[in-house]
Amino acid sequence: MKVAVVGGGISGLAAAFFLTQTKEHQVTLYEKDNRLGGKIRASEVGGILIEEGPDAFVTRSPEIFEIIEALGVEDQLIHPLANRALIYRKKALHHLPTGLTLGFPTANKHILANKILTPTERIVTFAKWRSAQARNQRARGDDLGNILEHYIGRSYTNNVLDPLIGGINAASIHGASAQITAPQVLDLLQGLQSVSQKEQPGKLLPPFASFTLGLDFLIKSLSQYLKSTGTIVLTDTPVSGLRTTDHGVEVVSRESHDSFDKVILATPSYFTSTLLQSIAPEPAALLRSIRRASVTMTTVLASGDLSHIDPQVSGVLVPRTQPYFTTAITIGPNKWPTWRSEEGVVLRISSGRLEERAHLGLDPETLLRLLMGEVQEILGTHMKVIDHRVTSWEESFVRFSPYHRQMVSKVRNKLAQESDSKIELAGSYLLGSGIPTCVKTAKLAAAKISNQIT
Ligand SMILES: Cc1cc2nc3c(=O)[nH]c(=O)nc-3n(C[C@H](O)[C@H](O)[C@H](O)COP(=O)(O)OP(=O)(O)OC[C@H]3O[C@@H](n4cnc5c(N)ncnc54)[C@H](O)[C@@H]3O)c2cc1C
C-alpha cells in the first residue's frame, strides 16, 4: 500500500516509523521545511548546543521506547540531574515540597509546611482539603481549575498548581481539560493507581529523559532509520492540497500531484484544518476552533553567581499572579550535564501564555533586556549576558479546553466516514502535547492505516 505522511515533526516521523514496521507499505514523507524535527530543534548559544523548544520527554509511555529500542539508542539516554522547582511569589523563591503528584498534595505536611502560601492561606487550604475529603463528593465536569479548587481551594490552585501544570501548557489551568492536562491528578482524586505507574515501560526510569546529543539526536537517528527502510523523505516540499479519489488520496505539492492509497496528516491543527476543508468540512471546522498560545524562549549564557540556589533545583516557575513577562527559568547546568560552560551559566527563560501576547510585540533585544531585569530580580543576583538567542514560537502550544478528548473523537469518527478511512491524524493537538503522546497518536494512526484497529 502507498501511504503518504504529511509533516516531518516527531509525529510524522513516528507515524512513518510505525508504518515501516509492517513491511507492507511504501511510505513517502512530506516536510515543508529544509529540515526535519518541527519543534524539536537545537542551535548553539555560547558554543553549546541547546534546544530551542522541548529539551526532555516523560518516560512513562511505552510507544516512544519502541522507537528508541528499534534505533538501538537506549545507551544514549540521559536524565535531568536535578528535578526540583522553585516558585517565585511575593518577591521570594520557595521550594515546592517533595512527594507531590503533579503538584497536588498527598500528605498534610505538603500544605502545612508549604511556604509558597501565607500562614493564613495554609490554614484555609488545609481546612478546605480536609473538608473535601470528609465530604467525599466528586467534582463534576472537565475544567481542571474548577476541579482542583473543589478539592484544595483557590490559593493552592492559583499559586502552586497553576504555575506548575499551567506552566507546562503555557496557559492557565482554569478552562483546561483535566482529562488531558492532568490525568495523574484525576486518578489520584479518584483513588486510582497513578497513570505514571500504569504506563511504565517495563523498567523503571527517572521521569524525564533526553539524549547525550540532545533531542535532535532522536530526529537524526529516526530519519536515518527511515531512509534505510526505503521511506522516501521529501524536505522542502510543502503540501498545499489533498483530494480524495475513488482509489485513494491525491497529495498536491508544488507542481506535482501524487496518488496514495492512504494519508496520515501530522501537521499542526490549523494547517490540518485547511487541508481537510473540502474533504471533511465539519472536522475541519472543529480543528480550526482549537486555540493556541504563543511563547518565546530566550536562552542566555550569562556570568553571575548562582551559588545560593540549591543544585537540586532545575528551574523557577513564576505564577500568573505575579507581574512578570517571565513564566519560567531553567537553570541549565543544574538540569543537563551538557549545558555547562566555564564562562557562565546557561538559562532558558520562557515568556508568554494563552492570551498573553505582549512579549510578541517586542523586538528581541528589548525582550532580552526586559527579561534579564526580571531574572536578576527573581534569582537575586547580578548577571551579565555573554551570548543569547531569542526563539519565537507562535501559535505553538495547544489549548486543551474541557471535553477536548470528546471533540477529537468526533473529528476522527466524522473524518473516517467522510474520507472512507483513507485519512488519519497524528499530532500534538489530539491527546496531549508531550512528545511521547505525539508518538502514541502516530502509532494509533499507523495501526488504523494498516487496519489493525477499526
Ligand atoms: C517551546 C516549547 C517547549 C516544549 N517543551 C516540551 C518538552 O520539554 N517536552 C515535551 O514532551 N514536549 C514539549 N513541547 C511540545 C512538543 O515539542 C510538541 O508537542 C511536539 O514536538 C509536536 O510535534 P509534531 O510533530 O506534532 O508537530 P511539529 O513539531 O509542529 O511538526 C509539524 C511539522 O509539519 C510541517 N508542516 C507544516 N505544514 C506543512 C505542509 N504544508 N507540508 C508539509 N509539512 C508541513 C512543519 O514544518 C513541521 O515540521 C514543547 C513545545 C514548545 C514550542
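Residues numbered from 1 in each chain as written. Predicted model: local features only at pLDDT ≥ 70, side-chain atom pairs only at ≥ 80, totals over all residues. Heavy atoms only, no water.

Asks: I'd love a proper account of the sheet that holds strand β9 (residues 208-211), names of residues and values included.
Replies: An order of β5-β9-β6 is seen for the three strands of this open sheet, with the pairing classed as antiparallel. Here the strands that pair on one side only, and so sit at the sheet edges, are β5 (57-58) and β6 (77-78). Across two bridges, the pairing between β6 and β9 is antiparallel. When the bridges of β9 are listed, I78 appears paired with S210. (Pairing = 2+ DSSP bridges. Helix = DSSP H or I, 4+ residues; strand = E, 2+ residues; numbered from the N terminus.)

Asks: So, the packing of aromatic side chains: which residues are in play, and what are the values?
Replies: Using the criterion set out here, one finds nine aromatic pairs in the structure. On the basis of an interplanar angle of 35° and a centroid distance of 6.2 Å, the ring pair of F57 and F211 is categorised as tilted. With a gap of 154 residues between them, F57 in strand β5 and F211 in strand β9 connect regions that are remote in the sequence. Classification of F211 by relative accessible area gives buried; the value is 1%. Three or more aromatic residues link up through ring pairs in this structure, and these residues are F57, F65, F211 and F217. (Phe/Tyr/Trp six-rings, centres within 6.5 Å; stacked < 30°, edge-to-face > 60°. Buried < 20%, exposed > 50% of the residue type's maximum accessible area, 1.4 Å probe, protein only.)

Asks: Kindly report on the site of the ligand, identifying the contributing residues and their values.
Replies: Around the ligand, the surrounding shell holds 34 residues, and the nearest of these are S11, E31, K39, A56 and S433. For the ligand, an oxygen atom lies 2.6 Å from a polar atom in the side chain of E31. Protein contacts shield 89% of the accessible area of the ligand, which totals 1,000 Å² for the unbound molecule. Counting only elements with at least two residues in the shell around the ligand, the list comes to α1 (10-20), β19 (384-398) and α16 (435-449). For the shell around the ligand, the element with the highest residue contribution is β19, accounting for three residues. (Near = heavy atom within 4 Å. Polar contact = N/O pair within 3.5 Å; in protein donor to acceptor, adjacent residues only side chain to side chain. Areas by Shrake-Rupley, 256 points an atom, 1.4 Å probe, with all protein chains shown as cover.)

Asks: Pulling in residues and values, what's your account of the pattern of salt bridges?
Replies: Per the counting criterion, the structure on display carries 17 salt bridges. Among the salt bridges present, the one from K32 reaches D33, with a minimum N-O distance of 3.3 Å. The closest approach of N and O atoms between E395 and R357, which form a salt bridge, is 3.5 Å. With E395 in strand β19 and R357 in the loop between β18 (345-351) and α14 (364-379), this pair connects stretches of sequence that are 38 residues apart. Connected via shared salt-bridge partners are E282, K410, K414 and E418. (Salt bridge = Lys/Arg side-chain N within 4 Å of Asp/Glu carboxyl O.)

Asks: Run through the pairing of strand β12 (residues 249-253), naming residues and quoting values.
Replies: The element β12 is largely enclosed, with a buried count of five among its five residues. Of the strand pairs in this sheet, strand β11 (residues 239-244) and β12 are connected by five bridges, and their pairing is antiparallel. Note on β12: the bridge partner recorded for V239 is S253. As consecutive antiparallel partners, β11 and β12 are separated by four residues. Here β12 pairs with strand β13 (residues 256-260) via five bridges, running antiparallel. Paired with V251 across the strands is D258, a residue of β13. What sits between the antiparallel neighbours β12 and β13 is a turn of two residues, in which R254 has the positive phi angle 45°.

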